[in-house]
Amino acid sequence: MPNRAAIRAEADRLRRLFEQAGALPVETSVLQPAEALLDLYGEDIRARAYVTSDALRGEQMLRPDFTVPVVQMHMEHGAEPARYTYSGAVFRRQEHDASRSNEYTQVGFEIFERVAPEASDAEVFALFFDILRPLGLKAATGDIGILMAAVDGLQTTDRRKAALRRHIWRPRRFRALIDRFSGRAPVPETRKALLAADDPMAMAGAMIGLRGPDEIAARIRALREDEATPPISGAEVALIEAILAVRETCTYALERLRDIAVDMPAILPAVDRLAARLDAMAARGIDVTTLDFEASFGRTQMEYYDGFVFGFSCENRPDLPLVASGGRYDALTRQLGRGREIPAVGGVIRPGLVLGLEDGQ
């Protein structure tokens, strides 16, 4: 891995390129309040972040990424439209692979723009594509918004849809919920017995943990309501599976998704946005006939993205993480905006990986 001074110099070079594209350089604190990150990711974030506490400020985290604090900054003080760039260290705990860095540098570029979001998607992707072109990396794209639209279109309860949306970024949990809600997975006998009991709390014993009796009773009522809900149809499950199986060049993927939309019209607006994005990319010189599209791309790494996603990887170094990644995160601005929201898209590059690939490391 290149030394820190070289990585800082490369980060400065990349940040200047983003500034030339109209971005305003910004800084964020290394130590971030944990509350916002826990609200977004849940307790799962503790397994990946360094958490500490402060007598006055409560729980704090070493910055796991830049996007959340940049969004918070923009929603509080930013003018519209806006472009930002930043660089600095981020921190991720590595408990299973000591070879992966727990501290590394990111350089990012973000656009907050209400008009023509597909054009903003194309602008960000084309900028990253041009910067990274000399490295000969493999570019891949996806669109989590299509899967979200498919979930919203299911003929089932809002509670089930909310559970599926919450776990879109956890593929195995998402699959388990699909199997459960469609009746493919049998209900455990212990749950059957619990829900059939006149008083499920009668043999519970002493109360432990943080949940009180009212919360437990509400959960049991929700499980009983779910048990009485008709299963998601096999036809709808097959359409979800067909979407997840789309893995083609962008033009062929668009055709396949249009075919699926005939039977699942709920995804048509998201598919139309994909078509508009591809047109905008082509207008910026991107050959979308050879660019890869994968409907599941980004579902394990990009938890706040809710639309277009992209990544750049080194094909002959599958052991390396993505050299660059990004996407659209409109919902994040809504969550952090306290009543305000604005379409937003951006991405990050790891300058240490860029230098390592340039040096053949």
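For clarity, every value in this text was computed on a predicted model and none was experimentally measured.

S.K.: Got a minute to help me understand the overall build of the protein in this structure?
M.R.: Counting secondary structure elements, the protein contains 14 helices and 12 strands. Here the protein holds 361 residues, and 47% of them are scored as buried. Looking at the protein alone, contacts between residues at least 24 apart form 70% of all its contacts between residues at least 6 apart. Of the roughly 18400 Å² of accessible surface on the protein, 51% is carried by carbon and sulfur atoms.

S.K.: Looking at this structure, I do not really get the pattern of salt bridges. What am I missing?
M.R.: Side chains carrying opposite charge are able to pair once their charged atoms draw close together. Scanning all chains against the criterion turns up 22 salt bridges. Between E80 and R340 there is a salt bridge, with the nearest N and O atoms lying 3.3 Å from each other. With E80 in the loop between α3 (67-77) and β5 (82-91) and R340 in the loop between α13 (330-336) and β12 (344-349), this pair connects stretches of sequence that are 260 residues apart. For E80, a relative accessible area of 38% translates into the label partly exposed. Among the residues examined, R340 registers a relative accessible area of 32% and is labelled partly exposed. Bridged by salt links that share partners, the residues D121, D143, R277, R328 and D330 form one connected network.

S.K.: Teacher, can you tell me more about the environment of A23 here?
M.R.: Within the secondary structure, A23 sits in the loop between α1 (4-20) and β1 (24-25). With a relative accessible area of 8%, A23 lands in the buried category. Sequence separation between A23 and E110 is 87 residues, and the spatial gap between their C-alpha atoms is 7.9 Å. Contacts of A23, omitting those with residues within four sequence positions, involve F18, R83, Y84, T85 and F109.

S.K.: What am I meant to see in the packing of α1 against helix α4 (residues 117-132) here?
M.R.: The description of two packed helices rests on the angle between their axes and on the distance between the axes. Direction vectors running N to C along α1 and α4 enclose 140°, while the axes themselves pass 12 Å from each other. Accordingly, the angle class assigned to the pair α1 and α4 is oblique. Judged by the sense of rotation from one axis to the other, the crossing of α1 with α4 is right-handed. Two secondary-structure elements touch here, α1 through L14, L17 and F18 and α4 through L127, F128 and I131. In the contact of α1 with α4, the residues fall into 6 nonpolar, no polar and no charged.

S.K.: Whenever I open this one, the sheet that holds strand β2 (residues 31-33) confuses me. Can you help?
M.R.: Two orientations exist for strands paired in a sheet by backbone hydrogen bonds: parallel and antiparallel. Taken together, the 3 strands give an open sheet; going across it, the order is β2-β4-β3, and neighbouring strands pair in antiparallel fashion. The open sheet terminates on both sides in strands that have one partner only, identified here as β2 and β3 (51-54). Averaged over all adjacent pairs, the angle separating strand axes in this sheet is 40°, with direction ignored. In this sheet, strand β4 (residues 58-62) lies alongside β2 in antiparallel orientation, the contact comprising 3 bridges.

S.K.: How should I be thinking about the sheet that holds strand β11 (residues 324-328) in this particular structure?
M.R.: If you trace the 9 strands from one edge of the open sheet to the other, you get β1-β5-β6-β12-β11-β10-β7-β9-β8, paired in mixed fashion. Either end of the sheet is taken by a strand with one partner, and the two such strands are β1 and β8 (247-249). Across 6 bridges, the pairing between strand β6 (residues 103-112) and β12 is antiparallel. The residue bridging G108 from the neighbouring strand is V348, located in β12.

S.K.: Can you help me understand helix α7 (residues 171-181) in this one?
M.R.: A turn of α-helix holds 3.6 residues, and therefore any two residues three or four places apart point the same way. Within α7, the full set of buried residues consists of F174, L177, I178, D179 and F181. Within two residues after α7, G183 carries a phi angle of roughly 85°, on the positive side.

S.K.: Help me understand unusual backbone geometry in this model?
M.R.: Where the residue is not glycine, phi is negative for most of them; where a peptide bond is considered, it is trans in most cases. Put simply, E80 and P81 share a cis peptide bond, and its omega is -10°. By secondary structure assignment, the location of P81 is in the loop between α3 and β5. Phi at A116 is positive, roughly 50°, even though this residue is not glycine. Here A116 lies in the loop between β6 and α4.

Each value, and the rule that gives it
Residues numbered from 1 in each chain as written. Predicted model: local features only at pLDDT ≥ 70, side-chain atom pairs only at ≥ 80, totals over all residues. Heavy atoms only, no water. Helix = DSSP H or I, 4+ residues; strand = E, 2+ residues; numbered from the N terminus. Buried < 20%, exposed > 50% of the residue type's maximum accessible area, 1.4 Å probe, protein only. Contact = heavy atoms within 4.5 Å. Areas by Shrake-Rupley, 256 points an atom, 1.4 Å probe, with all protein chains shown as cover. Salt bridge = Lys/Arg side-chain N within 4 Å of Asp/Glu carboxyl O. Axes fitted to C-alpha atoms, helices over the stretch in contact; angles between N-to-C directions. Parallel < 35°, antiparallel > 145°, perpendicular 65-115°, else oblique. Left-handed = near helix turned anticlockwise from the far one by under 90°. Nonpolar A, V, L, I, M, F, W, Y, C, P; charged D, E, K, R; others polar. Pairing = 2+ DSSP bridges.

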